[in-house]
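Given next are the chains, with one letter for each unit.
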Amino acid sequence: MAEFNANLRGVGSVSVIDVKGYLDAHTAPELENVFNRLVDLKQYQVVVNFDDLKYISSAGLGVFMAYVETMRENQGDIKFSNMKENVYNIFDLLGFPILYEFFKEENEAVKKFSDPAKS
Amino acid sequence: MKFSGIRGLENAIMLSIVLFLFNLIFPIHDAFLLSLIHEGIVFLTIFFLYNYLQQSLSRRLDTPLSLVLNVGILGSLLFFVLSIANSTYEADSSGKIPLNFFNSLLFVLISFLFIASIVYIFTSLRELFFLRQKKDPSVYFNTMLVFFTLSFFSNILILADSELDYPFSAFYVVSIVLICLNSIRVAWIAFLTKKQKYYLLGLSIVLSIVYGLAYSLAFDSEVSSQLIKVFSPGLRAVFSLVMIYGSIYFGVVFFVTLFHLPTAEVFDRKVQEVASMMDITKLITQVFDFKELADTITSMTTQACNSDSAWLVTNTKNGIELNSVHKIGYVDANDISSRMLGSGNASFENIEVINYESLFRDKKFVENVFHSVAVAPLTMHGKINGYLFTARTKGNSFDAEDRKSLQAFAYYAAVALDNAILIKKSIEKERLEKEFDVARDIQRKILPSVVPSSHQIAVSALFVPAFEVGGDYYDFFELDDENLGFVVADVSGKGISAAFIMAEVKGIFESLSKIIQRPAELLDKVNGVLKGNIEKKNFVTAVYGIINRKTGILNMSRAGHTPSLLCSKGTVTRLQPSGIGLGLDFTNNFSKSIKELEVQLNDDDIIVCYSDGIPEAKNSLGEDFGYEKFEKIISENCSKNLDEISNLVMKELSLFSKDYPQHDDITLVMFRWKQKQ
């Protein structure tokens, strides 16, 4: 079965999740666990780094939808970075760019949290 | 000595008759030759009878005690007959018994009785000799047989010359020595139960004495001595040897049994343990109900460990669960287990025996006050799944043997538990698969069974479900004479939840399509209805369109769905008005994002709507089928019949995916508009 890995690290006050491999209905619970941990820790500013993600299914997209509300209610957000074109197309088709912020580089996304006025 | 015993009985009977007639014709055979012939016949009779009995008795090897009892009865009978004979003939005894016809006949009959009895006794002793012998000891026994025969025949020599008694004495003494040697083979006693051993103890001492008395009676008393001697001196020799054998053998049996008595109980327990282990092994493979097995295990544990109570607990998510109790109340067992195991933190990786008072020093809160409690873990694949407890109210603590049995039962319980869990899982899986079948059925029924083809619009719809229930949905709505509405949607995720949402979505589209004529407005309303009726992580992508049959104008909106395709004269264009997926956002972002697209169709133009199951179909390398490949098939086959096109798409898809299983539903809906001529 396809492999998936979600690694959590902190960059300043922002939490960065590195996702890797295939994110689908079978591996989505792993990512959910990471988000649950963040909610428990009251870490609401999240950047998801898609550099190593090969594939995402609709169930994988559902994970972000499930948590974005909680993050935003607590003055946080989920931002996406380093997305490959094929993965971005799936987000794009669904209209995610209207609802979420996408960045080319991770540090841009992190910076956005500390200085929301810019850009 | 093995001779064909098939005709043993016939031969023995025939020789008996010969012997009988011989005795009738020659009641007194003083002549040496006659005596010799007579002895020969007697010997052959004995030999054939022995051969026959040897065969028939060997079938009764499982019941040595009944064999002993038979030997005892026959021995007593002989003793009785000898005593009667003694007292009857003593009266007129003047040294010799008067020989008349009646007496001779009686003698012969008594002699027959003797022959039959001693052969039976001897054969029985032989069976006991061979019983439970691992190595073949027949050479010892056969040597003894040879000396018995030699004694038999050497005794005749005395008739010829009374000086010639030394060969007989020699053979006789050697025979007795061999008897002593052979009498120590009594291994079978060890395998008797305690009760049987007590029984044998009494029986053997009585038999030893009876045989001893019978021997002395046959020799000391003049009457009985003559009785047999006159008939056959050889028989007398053999008779005395067998009596000695019996006496010595049962003497040995008595003492051996006596020494075996202290260990009888241990032996019994071991035998019982082995038996119950075999029972359990059989049960494990036959009984699927763990509760039933647990009951058997606890009851067997009390027996094998000689304890007063036993109970079995298994670890569950919410702590421990009591599965079976034996001779203890549920509440007490629960109390003791939870005290010993704590709140699930404490664990016993090995067998442990706990002094009850140290455990419950504070108060005696249970009715059964135990002296000691032993606990063994049910370990399977290195994981502890539960515990088997056993307890004694008094007496000694559990010794090494008890622990071994407890461990064995705990092991069996672990295997049974593992089995039961596996079976439960497989039943659960089967049940789920059945439910999936039902869900797949429902999904099929929700989809339209016929397509609304007409002269102006040809319609083709293809739906190929994946193994798991998916959430693809398409439908057609006859809005009025001119307008045909259609929807192609895909619910995120798979399984039962997706199927439920799909059914919900169908209901919403069916009712709203009748009221709202604008596709963008309709999708916006659908999104509004979904709010609160759908989980946060679920969403639905959809494309909704209306084709006017008369004018060929298509109005469509897209909510996050794969772009529809317009194929006009071999050129494919993506119809991708903006719009986010349904259920993604419930603010005005949705209505802001959703746009409507109007397209004027030309004659023979094709509109293609599909689910992401087509472009995202995978091959074994993990590559996508892709949009380009799909669009190429459409553009190259634009002029073909719609059904032909969908067959081609499916063919290309299966060629691409080959052995890789289809992981998402595939939906392909196509329309072709024809201008009215």
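Residues numbered from 1 in each chain as written. Chains lettered and ligands numbered in written order. Predicted model: local features only at pLDDT ≥ 70, side-chain atom pairs only at ≥ 80, totals over all residues.

Here's the deal with the overall build of chain B
Across its full length, chain B holds 18 helices and 15 strands. Taking as baseline every contact in chain B between residues at least 6 positions apart, the subset at least 24 positions apart corresponds to 72%. (Helix = DSSP H or I, 4+ residues; strand = E, 2+ residues; numbered from the N terminus. Contact = placed C-beta atoms within 7 Å.)

Things to note about the overall build of chain A
Looking only at helices and strands, chain A has five helices and five strands in total. Put simply, chain A runs from its N terminus to its C terminus through helices and strands in the order β-β-α-β-α-β-α-α-β-α. Across the 119 residues in chain A, those meeting the buried criterion constitute 42%. (Buried ≥ 20, exposed ≤ 12 C-beta atoms within 10 Å, placed from the backbone.)

Some remarks on the sheet that holds strand β2 (residues 319–326) of chain B
Two orientations exist for strands paired in a sheet by backbone hydrogen bonds: parallel and antiparallel. Residues and elements named next belong to chain B. Sheet architecture is open: five strands sit in the order β2-β1-β5-β4-β3, paired in antiparallel fashion. Edge strands, defined here as strands with exactly one partner in the open sheet, are β2 and β3 (352–355). On average, each strand axis in the sheet is inclined to that of its neighbour by 25°, with strand direction left out of account. Sitting on the sheet, helix α11 (residues 330–341) touches β1 (309–316), β2, β3, β4 (372–380) and β5 (383–392), and the angle it makes with β2 is about 135°. (Pairing = 2+ DSSP bridges. Axes fitted to C-alpha atoms, helices over the stretch in contact; angles between N-to-C directions.)

Some words on the nonpolar core
Formed by 98 residues in total, the largest nonpolar core has its most connected members in B:L523, B:A542, B:V608 and B:M670. Core analysis: the second largest hydrophobic core is formed by 62 residues, B:L19, B:L82, B:I118 and B:F147 among them. (Core = buried A, V, L, I, M, F, W, Y, C linked by C-beta atoms within 7 Å.)

Notes on the environment of B:F625
All names here are of chain B. Assignment of secondary structure puts F625 in the loop between β14 (605–610) and α17 (627–636). For F625, a count of 19 C-beta atoms within 10 Å corresponds to the partly exposed category. In this structure, the C-alpha to C-alpha distance between F625 and E652, residues 27 residues apart in sequence, is 9.3 Å. Each residue touching F625, except ones within four places of it in the same chain, is listed here: I614, P615, A617, F630, L653 and F656.

Notes on unusual backbone geometry
All names here are of chain B. The residue D604 is not glycine, and still its phi comes out positive at about 75°. By the secondary structure assignment, D604 is in the loop between β13 (596–600) and β14. Taking the C-beta count within 10 Å as the criterion, D604 has 15 such neighbours and is therefore assigned partly exposed. Not every positive phi belongs to a glycine, and K658 is a case in point at roughly 45°. Mapping K658 onto the fold places it in the loop between α18 (642–657) and β15 (666–673).

Some remarks on the pairing of strand β3 (residues 45–56) of chain A
Residue and element names in this part refer to chain A. Extensive coverage of β3 is indicated by the burial of nine of its twelve residues. When strand β2 (residues 14–23) meets β3, the two strands line up parallel, connected through eight bridges. The residue of β3 that forms the bridge with S15 is V46. In this fold, the crossover linking β2 to β3 by way of helix α1 (residues 28–40) has right-handed handedness. Bridge count between β3 and strand β4 (residues 77–81): five bridges; the pairing is parallel. Within the sheet, the bridge partner assigned to V48 lies in β4 and is F80. As a crossover connection, the stretch from β3 through helix α2 (residues 58–73) into β4 is right-handed. (Right-handed = clockwise from strand over helix to strand, strands pointing away.)

Overview of the packing of helix α2 (residues 32–57) of chain B against helix α5 (residues 138–160) of chain B
Residues and elements named next belong to chain B. Put simply, α2 and α5 touch, their axes get as near as 10 Å, and they point 165° apart. As the angle between them shows, α2 and α5 are arranged roughly antiparallel. Judged by the twist between their axes, the crossing of α2 over α5 is right-handed. Residue-level inspection shows F32, S35, L36, E39 and F43 of α2 in contact with α5, the latter providing F152, I156, L159 and A160. (Parallel < 35°, antiparallel > 145°, perpendicular 65-115°, else oblique. Left-handed = near helix turned anticlockwise from the far one by under 90°.)

Quick word on the sheet that holds β14(B)
All names here are of chain B. Spatial strand order, β6-β15-β14-β11-β12: five strands in an open sheet with antiparallel pairing. For this open sheet the edge positions go to β6 (457–464) and β12 (571–575), each flanked by a neighbour on one side alone. Here the average twist between neighbouring strands, direction ignored, is 20°. Most of the contacts of α18 go to β15, to which it runs at about 150°, and overall it touches β6 and β15.

A closer look at helix α1 (residues 8–25) of chain B
Residues and elements named next belong to chain B. Helix length check: α1, at 18 residues, gives a terminal C-alpha distance of 26 Å against a target of 26 Å (1.5 Å per residue), a fit within 8%. Buried within α1 are the following residues: G8, N11, A12, L15, L19 and N23. Projected onto a plane normal to the axis of α1, the buried residues spread over an arc of 100° and lie on a single side. Seen from the buried face of α1, the exposed residues on the opposite side, beyond 90 degrees, are E10, I17, L21, L24 and I25. (Expected span 1.5 Å × (residues − 1). Arc of directions from axis to C-beta.)

Observations concerning the packing of helix α13 (residues 400–446) of chain B against helix α14 (residues 495–515) of chain B
Residues and elements named next belong to chain B. Look at α13 against α14: their axes get within 10 Å of each other, and the N-to-C directions meet at 20°. Here α14 runs roughly parallel to α13, going by the angle between their axes. As for the relative orientation of α13 and α14, their crossing is left-handed in sense. For the pair α13 and α14, contact is made by E435, A439, I442, Q443 and I446 and by I496, A499, M502, A503 and K506, respectively. Among the residues making up the contact of α13 with α14, the classes are represented as seven nonpolar, one polar and two charged. (Nonpolar A, V, L, I, M, F, W, Y, C, P; charged D, E, K, R; others polar.)

What to know about the pairing of β12(B)
Residue and element names in this part refer to chain B. Of the pairings in the sheet, the one linking strand β11 (residues 564–568) to β12 comprises five bridges and is antiparallel in character. Within β12, the position partnered with S564 by the bridge is L575. Linking two consecutive strands that pair antiparallel, namely β11 and β12, is a turn of two residues; a positive phi of about 50° is found at K569 within it.

Some remarks on the confidence of the model for chain B
For chain B, per-residue confidence averages 84 on the pLDDT scale, and residues scoring 70 or more make up 91% of the total. The ipTM assigned to the predicted complex is 0.88, against a pTM of 0.58. (pLDDT = per-residue confidence, 0-100.)

Re the environment of B:S307
All names here are of chain B. Within the secondary structure, S307 sits in the loop between α10 (290–305) and β1. For the pair S307 and A391, spaced 84 residues apart in the sequence, the C-alpha separation amounts to 5.8 Å. In this view, S307 contacts T302, T390, A391 and R392; residues no more than four positions away in its chain are not counted.

Re the environment of B:F32
Following the sequence through the fold, B:F32 ends up in helix α2. Residue classification places B:F32 among the partly exposed residues on the basis of 13 C-beta atoms within 10 Å.

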